[in-house]
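# Fold and contact review
Chain by chain, the residues:
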Number of protein chains: 2
Amino acid sequence: MNYHTVEKGESLMDNDNHKLARSTQLLRSFWSVQKNIVRFVQKIAVENGLSVPQYTILMTITLNKEMKMTQKKVGEQTFLPKSTLSHAVDGLAQEGFLSRQQVEGNRREMELTVTEKGKEFLKKMHLQDGGIHQLFQTAIDQLTDKQYEELLESHLLLSTYLESQTAGNGVK
Amino acid sequence: MNYHTVEKGESLMDNDNHKLARSTQLLRSFWSVQKNIVRFVQKIAVENGLSVPQYTILMTITLNKEMKMTQKKVGEQTFLPKSTLSHAVDGLAQEGFLSRQQVEGNRREMELTVTEKGKEFLKKMHLQDGGIHQLFQTAIDQLTDKQYEELLESHLLLSTYLESQTAGNGVK
DNA sequence: AATGAACTGTTCGGAAATGAACTATCATAC
DNA sequence: GTATGATAGTTCATTTCCGAACAGTTCATT
């Protein structure tokens, strides 16, 4: 991994330290928000009798407009290990929140669809008092519209980059 | 939880939907970055023979300038369950990365200090090729300085708010 | 100073998550 | 066609994590 051009009057060491400081700062910044989100998701999940992977899976499929997605795709998007995915999906299917059926034309893949019961459940969960959306809706009020837009924009830039990096290189 | 004033000409339903959409959008936005970070942290941790909680603990203490912190404080900042914390700290102490000693004047609390060996280890880990800092340093280049500053600012606003909310209300 | 309540951290049993081996299906080459 | 390798998902053994009960310490009240 090679370093970028160093500006005049700035030693390589200083530049490195500066970059290290910034990367630490950014990580810390994400972490301070993230720990709160994760904690909340965990709370919401267990309150509704789901494991965190299960909640993640439901959310992931739901985001996909169609409310259906192959198990493979869910794995790619969530990075959950195959075995975890399999168990979690199994539980969701038993609860009747998901239906599983083999993909037309490729019997290896499983098509996962959110059932009516699953949609009901999600709706109820999200509207519940103290739910994550209630929290986030008021959290957003902390930001101006402009700040909000720019936050999304920056996140997009970062996630696109991170995705491109980790896809290619060896993070199995 | 009560709703805010609805603007003229906008029905309550529309306003709710709009807010719900935004909260979903924001969650999704964070999630797209987070999943990459988490995945990386996990990789770095296991490559260096640490569990994720252990890595989290080391990072947390390190951020505290002094390189020392009570176990209680670490728990408050990381939200790790007490038992997990206890085990993880135990492992770190056995590795010789942390030293444990009772706090002067309150023998209930444990003061955790990063040892020289621990500092060495952290330094080596962070400079390693493909490490999280290398990744993040280049990720930052995706943003302009202004975008970077505003990202931090927005995160601070959000985390401060989330922290204040979850401290008071009943997320044990 | 004695009692009880609140707190910090540890221990332990059970639950959740994971890696590795496995089964079934599909794709390619011969 | 069938042999080989790749892919998607499941199963199982192991590890990791966490809630609850616990032990020791401190604080407040009497």
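Conventions adopted
Every residue gets a number counted from 1 within its own chain, in the order that chain's sequence is written. All chains are assigned letters beginning at A, and all ligands numbers beginning at 1, according to the order in which they are written. Owing to the predicted nature of the model, reporting of local features is limited to residues with pLDDT of at least 70; listing and counting of side-chain atom pairs is limited to 80 or more, with chain, interface and lining totals taken over all residues. Side-chain descriptors were evaluated using all non-hydrogen atoms of the structure, hydrogens and water having been removed beforehand. In this comparison the copies share one frame, found by least squares on the C-alpha atoms of residues holding pLDDT of at least 70 in both. The criterion used for residue contact is that any of the two residues' heavy atoms lie within 4.5 Å. Using a 1.4 Å probe, buried area is obtained as the accessible area two parts lose upon being combined, added over both of them. Here a salt bridge means any side-chain nitrogen of Lys or Arg lying within 4 Å of a carboxyl oxygen belonging to Asp or Glu. Polar contacts, as used here, are pairs of N or O atoms within 3.5 Å; protein pairs need one atom able to donate a hydrogen and one able to accept it. Residues neighboring in sequence count only if both atoms are side-chain atoms. Under the scheme used here, helices are H or I runs from DSSP no shorter than 4 residues and strands are E runs no shorter than 2 residues, and both carry numbers assigned from the N terminus. Near residues are defined by distance, with any heavy atom within 4 Å of the molecule or strand qualifying the residue. Gly falls in the polar group here, along with every residue not listed as nonpolar (Ala, Val, Leu, Ile, Met, Phe, Trp, Tyr, Cys, Pro) or charged (Asp, Glu, Lys, Arg).

## Considerations on the relation of the copies chain B and chain A
- Each copy of the sequence occupies a distinct position, and chain B is placed on chain A by a rotation of 180° and an axial shift of 0.0 Å, giving an RMSD of 0.1 Å. Both copies are brought into coincidence by an operation consistent with a two-fold rotation axis. Relative to the rotation axis, the C-alpha of Leu151 of chain B is the closest in chain B, positioned 2.9 Å from it.
- Most of the interface of chain B is mirrored in chain A, where 98% of its interface residues are also at the interface.

## Topic: the interface of chain B and chain A
- With 60 residues of chain B in contact, the opposing surface of chain A contributes 59 residues.
- With both chains or domains summed, chain B and chain A bury close to 7000 Å², and 67% of this area falls on carbon and sulfur atoms.
- On the chain B side of the contact with chain A, Arg22, Arg39 and Leu162 of chain B bury the most area, a combined 9% of that side's loss.
- Across the contact surface, chain B and chain A share 2 salt bridges.
- Here Asp145 of chain B and Arg22 of chain A are joined by a salt bridge, their closest N and O atoms 3.5 Å apart.
- Applying the counting criterion to the chain B and chain A interface returns 16 residue pairs in polar contact (both at pLDDT 80 or more).
- Contributions of two or more residues to the side of chain B that touches chain A are made by α1 (12–47), α2 (52–63), α6 (132–140) and α7 (145–168) of chain B.
- Counting residues per element, the side of chain B that touches chain A draws most heavily on α1 of chain B, at 22 residues.

## Section: the protein's contact with DNA strand C
- Of all residues adjacent to DNA strand C, which total 20 residues, the nearest are Thr84 and Arg107 of chain A together with Lys72, Lys82 and Met110 of chain B.
- Among the atoms of DNA strand C lying within 4 Å of the protein, the sugar-phosphate backbone contributes 61%.
- Residue Arg108 of chain A places a side-chain N or O atom 3.3 Å away from a base oxygen belonging to DNA strand C.
- Within the side chain of Lys82 of chain B, an N or O atom sits 2.7 Å from a base oxygen of DNA strand C.
- Put simply, the parts of the chain that give the surface near DNA strand C at least two residues each are α2 (52–63), α4 (82–95) and β3 (106–114) of chain A together with α3 (71–78), α4 (82–95) and β3 (106–114) of chain B.
- No other element matches α4 of chain B, which puts 4 residues into the surface near DNA strand C.
- When the residues that make up the surface near DNA strand C are grouped by side-chain class, the tally is 4 nonpolar, 9 polar and 7 charged.

## A short note on the protein's contact with DNA strand D
- Neighbouring DNA strand D are 19 residues; Lys72, Lys82, Ser86 and Met110 of chain A together with Ser83 of chain B lie closest to it.
- Sugar plus phosphate: this is where 61% of the atoms of DNA strand D within 4 Å of the protein reside.
- The side chain of Ser86 of chain A places a nitrogen or oxygen atom 2.9 Å from a phosphate oxygen of DNA strand D.
- Taking His87 of chain A, its side chain carries an N or O atom lying 3.2 Å from a base nitrogen of DNA strand D.
- Looking at the surface near DNA strand D, the elements that each hand over two or more residues are α3 (71–78), α4 and β3 of chain A together with α4 and β3 of chain B.
- Broken down by element, the surface near DNA strand D gets its largest block of residues, 4 residues, from α4 of chain A.
- Its residues placed into classes, the surface near DNA strand D shows 3 nonpolar, 9 polar and 7 charged.

## Structural notes on the side chain of Gln71 of chain B
- Relative to the helices and strands, Gln71 of chain B resides in helix α3.
- In contact with Gln71 of chain B, other than residues within four places in its own chain, are Leu85, Ser86, Val89, Met110 and Leu112 of chain B.

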